[in-house]
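# Structure at a glance
These are the residues of each chain, in order.
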Amino acid sequence: MEEIKGFSNKIIEINLTDKSWSVSEASIEDRKMFLGGKGLGMKLLYDRLKPGVDPLGEDNILIIMPGVVTGTGAPCSGRFEAISKSPLTGIIATASCGGPFGIQLKTAGYGGLVIRGKSKDKCVVWFDHNTVEFRDATDLWGLDTVETQERVLNSSKTESKKEATLAIGPAGENLVRFANISSGHRFLGRGGLGAVMGSKNLKAVVAKGSHYKIVPAEPEKFQKVKKKATQFIKNDAVTISLGKFGTATNVKFVNKEKMLPVWNYSFGDHEHAFRISGEMIKEKHDTKVHTCKPCSIMCGHKGTFNGKESPVPEYETLTLLGSNLGVFDTNAISRFNDICNKAGMDTISAGGTLGWVMEAVEKGLVSPDLFVSSKNSKPNELSANENSSDDLDKTQSGTRKYSLMFGSINGIEEALESIAKGEGFGKEMGLGSRALSHKYGGKGFAIQVKGLEMAGYDPRGSYGQGLAYSVANRGACHLSAFLVSFEVLLGLLKPDTARSKPEFVKFVEDLTCSVNALQTCQFTMYAYTLQPMLTKYTPKFILKNMMLWLPEVAMTLFDFSIYPDLFSSITGIKMSSKEFLKSGERIHVLERYMNTREGIRGRDDVLPDRMLMETIVRDKKRRIVPLKEMLAKYYKLRGYNEDGIPIDKLLKKLKIPSQPSYSV
Ligand code: SF4
């Protein structure tokens, strides 16, 4: 087979049912068309996963993919992707992570890992370049993500310690639909991929690398591109701010624009928002870097919370488990964060679900009597907090009562723990806000799309983001196309108009898919598109007007050629910016096509009623998202029919086979 440099084309396929394994090769054609990471992983899944399988059943498949950039030493090159069918949404889920597993997988000599089947017993899978071992995990079951990874790595039989893990905590074991997978201190966060591992009785996977040397095909060109990329990051105001204050740097502008989720997205700002801002956290909690590795932007931080060192909660955690619940106490949010991290749960879905529960209690849809946890379970055993349960009502009946209401930290830790343990009403909360609203009512204020809870940017302040949430393939995801950056952060696109939004949502979706196929951090998109001369020196008023009135022309002013240059210098395959963007389009449309095979239609490209019918409290502009007029145009641009299905002509144009191969 023709060889491409910079990565191995071998895919390791592990079957947990019969404890077998094999090595296949991705076709060179697929490599060229889908690049790697999310793209090639999507194609591998398309070729292997029959539509309609139970996400928690034996037939679901979990795919882990490094990208072309992973492990090369380029800025922010420590990332990898997971692709599977989500137990939360019932459609395709993808997630990216900056933990150490991706580099070890790649240097073990594999360009991808496919996990199939279901183990009869609880197990851990170990592999290196030429062996796979299935070890018993009975002793690890019940441990949190930190202990699991420590125990697994300490039991290593080798001296080199060149190993990295994927691991789940109790939430994954208990099939919480928004359980995540940890790798080091970073996470494959969204869509419940931890429950997919749990359903397969797979507690952890260990990859031992250092066998395969990643050598760029054109070393000199690669060094030049890398230098330029590093310079762009050093000079860019957004990446500088992310490095200084973390993702919480966004709190200030989001609050100012009334887009901060407060009380389940009823309000868009709060007088205490500054308390959860990156600037305040830096000052109060003595923060230091604590990043994915390697990273040149360094948005990940740790600091002193509750008297000990803990990761600084990300913007999404500060908002969804903070302002959204009416909580602005950073020590409390850090405890919620620690519980979720140790249990292995997505903080966005956890916070979105608790927001729905608090409102449902207020509206009388859910009885507060449901909030009980078993007396036998140690309170806060997943958290380091010793002082937070003083308000628990210890009943005689063997249960402990807790309360949940906006503006109070009380009960939140107990609720999170009961979700992770699948205990009492926690088991229902672990199904997510969509499932709860179907059972109890309150669909209009279940802030989710396609079952995935919305990220912490209220789209009523950023209409393009509203469209992006509604059509994002994995649900209400801000990372599919982060239009907030153009509309609010950079002030390049008028936020409260439908004009030009379909064009830019499509453009950013396609570009983001290609970036995720390379597996370099999405935050590089600021520096890599804004710092090149063409973009930087185009006067802002010209850029703004072009973006509003001539979007297709304006897109040509964004020079993102550094990405295809990285790809070409690593692989030796020539690639233009146009081809790079086309690959992104192909990946996005394939994912959409796979979702339509799972039943997704135009009716699912919606927003919660709250965003379409209610205005934000205190918003003088009285904005609601004009979704309908943006959607029709978006479908047309995409080449979907009026029901949101990619038409044959589009599939042919993008060389996506309308029938996958199930023979692999
Ligand atoms: S910028 Fe942040 S998310 Fe991106 S690779 Fe670095 S630490 Fe990870």
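Residues numbered from 1 in each chain as written. Predicted model: local features only at pLDDT ≥ 70, side-chain atom pairs only at ≥ 80, totals over all residues. Heavy atoms only, no water.

As a rule of thumb, nonpolar side chains are buried together in soluble globular proteins. Grouped together as the largest cluster of nonpolar side chains are 165 residues, with contacts concentrated most on Met345, Leu354, Leu416, Phe486 and Phe504. Ranked by residue count, the leading element in this core is helix 19 (residues 501-518), at nine residues. Those residues within four positions of Leu416 in sequence are excluded, and the remaining contacts are Leu321, Phe336, Ile339, Cys340, Met345, Ala350 and Leu354. Grouped together as the second largest cluster of nonpolar side chains are 30 residues, Ile64, Cys123, Leu166 and Leu202 included. (Core = buried A, V, L, I, M, F, W, Y, C linked by side-chain atoms within 4.5 Å. Buried < 20%, exposed > 50% of the residue type's maximum accessible area, 1.4 Å probe, protein only. Helix = DSSP H or I, 4+ residues; strand = E, 2+ residues; numbered from the N terminus. Contact = heavy atoms within 4.5 Å.)

Here we take up the packing of helix 7 (residues 219-235) against helix 8 (residues 237-245). Here helix 7 crosses helix 8 at 75°, and the two axes come no closer than 5 Å. By the angle between their axes, helix 7 is roughly perpendicular relative to helix 8. Here Ile233, Lys234 and Asn235 of helix 7 come into contact with helix 8, specifically with Ala237, Thr239 and Ile240. Taken together, the residues of the contact of helix 7 with helix 8 break down into three nonpolar, two polar and one charged. (Axes fitted to C-alpha atoms, helices over the stretch in contact; angles between N-to-C directions. Parallel < 35°, antiparallel > 145°, perpendicular 65-115°, else oblique. Nonpolar A, V, L, I, M, F, W, Y, C, P; charged D, E, K, R; others polar.)

Applying the stated criterion across every chain yields a total of zero disulfides. Cysteine Cys513 remains unbridged, with the sulfur of Cys477 as its closest cysteine sulfur at 10.0 Å. The buried category is assigned to Cys513, whose relative accessible area is 4%. (Disulfide = S-S within 2.5 Å.)

Let us now look at the confidence of the model for the protein chain. Per-residue confidence for the protein chain gives a mean pLDDT of 94; residues scoring 70 or more make up 95%. Long-range and interchain partners of residues 378-392, a stretch whose pLDDT sits below 50, account for 37 contacts in this model, where long-range means more than four residues apart. (pLDDT = per-residue confidence, 0-100.)

In this section: the site of the ligand. Around the ligand, the neighbouring residues are Arg79, Arg186, Thr291, Cys292, Cys295, Ile297, Met298, Cys299, Gly300, Cys521 and Phe523. Each residue belonging to the shell around the ligand can be placed in one class, and the counts come to seven nonpolar, two polar and two charged. (Near = heavy atom within 4 Å.)

With that settled, consider the side chain of Thr497. Along the chain, Thr497 falls in the loop between helix 18 (483-489) and helix 19. There is a polar contact of 3.1 Å between the side chain of Thr497 and the backbone nitrogen of Arg499. With residues up to four places along the chain from it excluded, the contact list for Thr497 reads Tyr463 and Leu548. (Polar contact = N/O pair within 3.5 Å; in protein donor to acceptor, adjacent residues only side chain to side chain.)

Once that is clear, we can look at the sheet that holds strand 14 (residues 301-305). The strand order across the open sheet formed by three strands is 13-14-15, and the pairing between neighbours is antiparallel. The outermost strands of the open sheet, each flanked by one partner alone, are strand 13 (288-289) and strand 15 (308-311). Pairing between strand 13 and strand 14: two bridges, direction antiparallel. Each bridged residue has a counterpart across the sheet, and for Lys288 the counterpart in strand 14 is Lys302. Where helix 12 (residues 330-343) meets the sheet, it contacts strand 14 and strand 15, and its direction lies at approximately 65° from that of strand 15. (Pairing = 2+ DSSP bridges.)

This brings us to the domain arrangement of the protein chain. As a measure of interface size, the accessible area lost when the parts come together is often cited. Domain annotation of the protein chain identifies domain 1 (10-208), domain 2 (256-276 + 303-447) and domain 3 (452-607 + 625-653). The partner domain 3 presents 33 residues to the 41 residues of domain 1 that form the contact. Summed over both sides, the interface of domain 1 with domain 3 buries roughly 3200 Å², with 66% coming from carbon and sulfur. When the buried area of domain 1 at its contact with domain 3 is split by residue, Leu35, Tyr46 and Arg190 rank highest and sum to 22% of it. Put simply, domain 1 and domain 3 have two salt bridges between them. The closest approach of N and O atoms between Lys85 and Glu598, which form a salt bridge, is 2.6 Å. Counting across the domain 1 and domain 3 interface gives 18 residue pairs in polar contact (both at pLDDT 80 or more). Mapped onto the side of domain 1 that touches domain 3, the elements with two or more residues apiece are helix 1 (28-34), helix 2 (37-48), strand 3 (62-66), strand 4 (80-85) and strand 5 (92-97). At seven residues, the largest contribution of residues to the side of domain 1 that touches domain 3 is made by helix 2. For the side of domain 1 that touches domain 3, a count of residues per class yields 20 nonpolar, 13 polar and eight charged. (Domains from an automatic or database assignment. Buried area = accessible area lost by both parts, 1.4 Å probe. Salt bridge = Lys/Arg side-chain N within 4 Å of Asp/Glu carboxyl O.)

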